[in-house]
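Observations on the three-dimensional arrangement
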Amino acid sequence: MKYIVALALIASATAASAKDFTSFDIPGGGKKSGQGTYVNSIDVSGAVTGNVISTSGATSGFTRLAGGQVTVFNAEESADTHAIDISFRFDQTGYYGGGDGHNHGFVRTLDGEVTSFDPEGSTGTQTISINRGGDVAGQFTGLDGLQHGFLRKKSGKIATFDGNAAVAGLGTFATGMNGGQTVCGFWFDSNFAMHGYLRLADGTIVPVDVDGAGVGSLQGTQIESVNKHGDAAGFYTDSAKTRHGFIRHADGTIETFDVPGAVNTVVASINATREIAGYYLDASNVAHGFVRKHGGKFKTFDGPKASLQSARGTFVSDINDFGTVAGETFDDQFGVHGFTGHPK
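Keep in mind the model is a prediction, meaning the values are calculated, not measured. (Residues numbered from 1 in each chain as written. Predicted model: local features only at pLDDT ≥ 70, side-chain atom pairs only at ≥ 80, totals over all residues. Heavy atoms only, no water.)

Here we look at the overall build of the protein chain
Scanning the protein chain from N- to C-terminus turns up 0 helices and 30 strands. Expected size for 344 residues packed as a compact globule is a radius of gyration near 20 Å; at 19 Å, the protein chain falls within 12% of this value. The C-alpha extent of the protein chain, read off along each of the three principal axes, is 55 × 45 × 30 Å. Across the 344 residues of the protein chain, 57% fall into the buried class. Taking all contacts inside the protein chain whose residues are at least 6 apart in sequence as the whole, residues at least 24 apart take part in 42%. Total accessible area computed for the protein chain in this model is approximately 14,100 Å², and 51% of it derives from carbon and sulfur atoms. On the protein chain, the mean spot of the 25 positive side-chain charges and the mean spot of the 34 negative ones are 7 Å from each other. (Helix = DSSP H or I, 4+ residues; strand = E, 2+ residues; numbered from the N terminus. Rg over C-alpha atoms; globule rule 2.2 N^0.38 Å. Buried < 20%, exposed > 50% of the residue type's maximum accessible area, 1.4 Å probe, protein only. Contact = heavy atoms within 4.5 Å. Areas by Shrake-Rupley, 256 points an atom, 1.4 Å probe, with all protein chains shown as cover. Lys, Arg positive; Asp, Glu negative; His and termini not counted. Charge placed at Lys NZ, Arg CZ, Asp CG, Glu CD.)

What follows is the structure, encoded as structure tokens:
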């Protein structure tokens, strides 16, 4: 496998203006530390989904359309609900805590119809991604206590899988899926190191380990997103516990990078034009957003209401095919605010 190391120069990064972004707070969100609006996903229209945490600590899902219309919901009455992804039809997916004490997956249509489900043998289900066809993917806790991946087709048929069934670790986690039913994610080995994978539509598992990734506990390769072309993006943690970004092109070529000025680079998403979005931590432990263009040029930014104090800042969760990013910012008091925008 061929690796290309991208040496990012300071001069290759430009900063976006705060006026390029829209900040919002979902009704019902608290204002204390860790409370407020968390944005997890954005679709091609600019609609977003995520979670809102109230003053009592209760978690609800929400959808915010591009025009600003907001719907707050719970998949089951009074159940803590985590809305993780949204499709171009505005269907949302995620998971909720049931009255039985276990998490359950769900798909919710824009008009409020909720379908809940669990793979056979699940003692806890987390649905993470939904594609254009209405298929969803995620992971569940099996009777063996380990995590296993699953793909649920819109028809309701569920296939389960493991990144490497022969190795006992924490199990397999799914982080994304494209329209062709390629699921991406990572699995843990017996040393609790992480290894990336792509699960193709026919069930084939493609292993992905970035050169330079560490092999110790919580080190290794994490794939976070896969686009319609089969390009995958994520980050790897080296033996010094430093995080770096990478893209694995559909032809298997891997390109690694660091955002200029970054101590740690965390990749969240890749879109159809191969723009990569995420956040990086600077030497003061402040988070800043970034978009990496296909040619390697970086655009960095701080979202609205973002504090520039340590352990706060801007956290990007997704980028759509038109280059609009979404995520949340933490203010001086660790209050959380949602945002969308198009770094220019």
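Thoughts on the nonpolar core
Residues Cys184, Leu198, Val206, Val208, Val210, Ile223, Val226, Ala232, Tyr236, Phe246 and Ile254 constitute the largest nonpolar core, which totals 11 residues. For this core, the elements supplying multiple residues, two or more each, are β19 (205-208), β20 (220-226) and β21 (232-237). If near-sequence neighbours (up to four positions away) are discounted, Cys184 is found in contact with Phe173, Ala174, Thr175, Gly176, Tyr197, Leu198, Ile223, Glu224, Ser225 and Val226. (Core = buried A, V, L, I, M, F, W, Y, C linked by side-chain atoms within 4.5 Å.)

What about unusual backbone geometry?
Outside of glycine, negative phi angles account for most residues, and trans bonds account for most peptide bonds. The backbone phi angle of Leu218 is positive, close to 65°, even though this residue is not glycine. Looking at where Leu218 falls in the secondary structure, it is placed in the loop between β19 and β20. Owing to a relative accessible area of 54%, Leu218 belongs among the exposed residues under this scheme. Of note, the phi angle at Asn285 is positive, near 65°, even though the residue is not glycine. Residue position: Asn285 is located in the loop between β25 (276-281) and β26 (287-292). For Asn285, a relative accessible area of 35% translates into the label partly exposed.

Here's the deal with the pairing of strand β30 (residues 336-341)
Of all 6 residues making up β30, 6 are buried, and the element is well covered by its neighbours. The alternating pattern of β30 places Val336, Gly338 and Thr340 on one face and His337, Phe339 and Gly341 on the opposite face, and all of these are buried. Relative to β30, strand β3 (residues 21-24) is paired through 4 bridges, and the arrangement is antiparallel. Residue pairing for β30: Phe21 is matched across the bridge by Gly341. Examined bridge by bridge, strand β29 (residues 325-330) and β30 share 6 bridges and lie antiparallel to one another. Residue pairing for β30: Glu328 is matched across the bridge by Gly338. (Pairing = 2+ DSSP bridges.)

Re the pattern of salt bridges
The full count for this structure, using the stated rule, is 4 salt bridges. Ionic pairing is found between Arg274 and Asp231, a salt bridge with its closest N-O pair at 2.7 Å. Of this pair, Arg274 sits in the loop between β24 (264-270) and β25 while Asp231 sits in the loop between β20 and β21; the two residues are 43 residues apart in sequence, bridging distant segments of the chain. Here Asp231 falls in the buried class, since its relative accessible area comes to 2%. Between Glu255 and Arg292 there is a salt bridge whose closest N-O contact spans 2.7 Å. (Salt bridge = Lys/Arg side-chain N within 4 Å of Asp/Glu carboxyl O.)

Concerning the confidence of the model for the protein chain
Mean pLDDT over the protein chain stands at 94; residues scoring 70 or higher make up 95%. Segment residues 1-11: pLDDT under 50, and 23 contacts once partners within four positions in sequence are set aside and those in other chains are kept. (pLDDT = per-residue confidence, 0-100.)

Remarks on the sheet that holds strand β11 (residues 114-117)
The antiparallel open sheet is built from 4 strands, whose spatial order is β8-β9-β10-β11. Of all strands in the sheet, those bounded by a partner on one side alone are β8 (81-86) and β11. Ignoring strand direction, the axes of neighbouring strands in this sheet form an average angle of 25°. Pairing of β8 with strand β9 (residues 92-97) involves 5 bridges; the strand directions are antiparallel. Looking across to β9, one finds that Asp85 is bridged to Thr93. (Axes fitted to C-alpha atoms, helices over the stretch in contact; angles between N-to-C directions.)

Description of the packing of aromatic side chains
With the rule as written, the count across this model stands at 16 aromatic pairs. Here the aromatic rings of Tyr279 and Phe315 are separated by 4.9 Å at their centres, their planes lie at 65°, and the arrangement is edge-to-face. Residue Tyr279 is found in strand β25, and its partner Phe315 is found in strand β28 (residues 313-319); the two are separated by 36 residues along the sequence. Cation over ring: Arg108 sits above Phe73, and NZ or CZ is 4.2 Å from the ring centre. (Phe/Tyr/Trp six-rings, centres within 6.5 Å; stacked < 30°, edge-to-face > 60°. Lys NZ or Arg CZ within 6 Å of the ring centre and 35° of its normal.)

So, the side chain of Thr237
Residue placement: Thr237 occurs in strand β21. With near-sequence residues (within four places) excluded, Thr237 lies in contact with Ala213, Gly214, Leu218, Gln219, Gly220, Gln222, Thr242 and Arg243.

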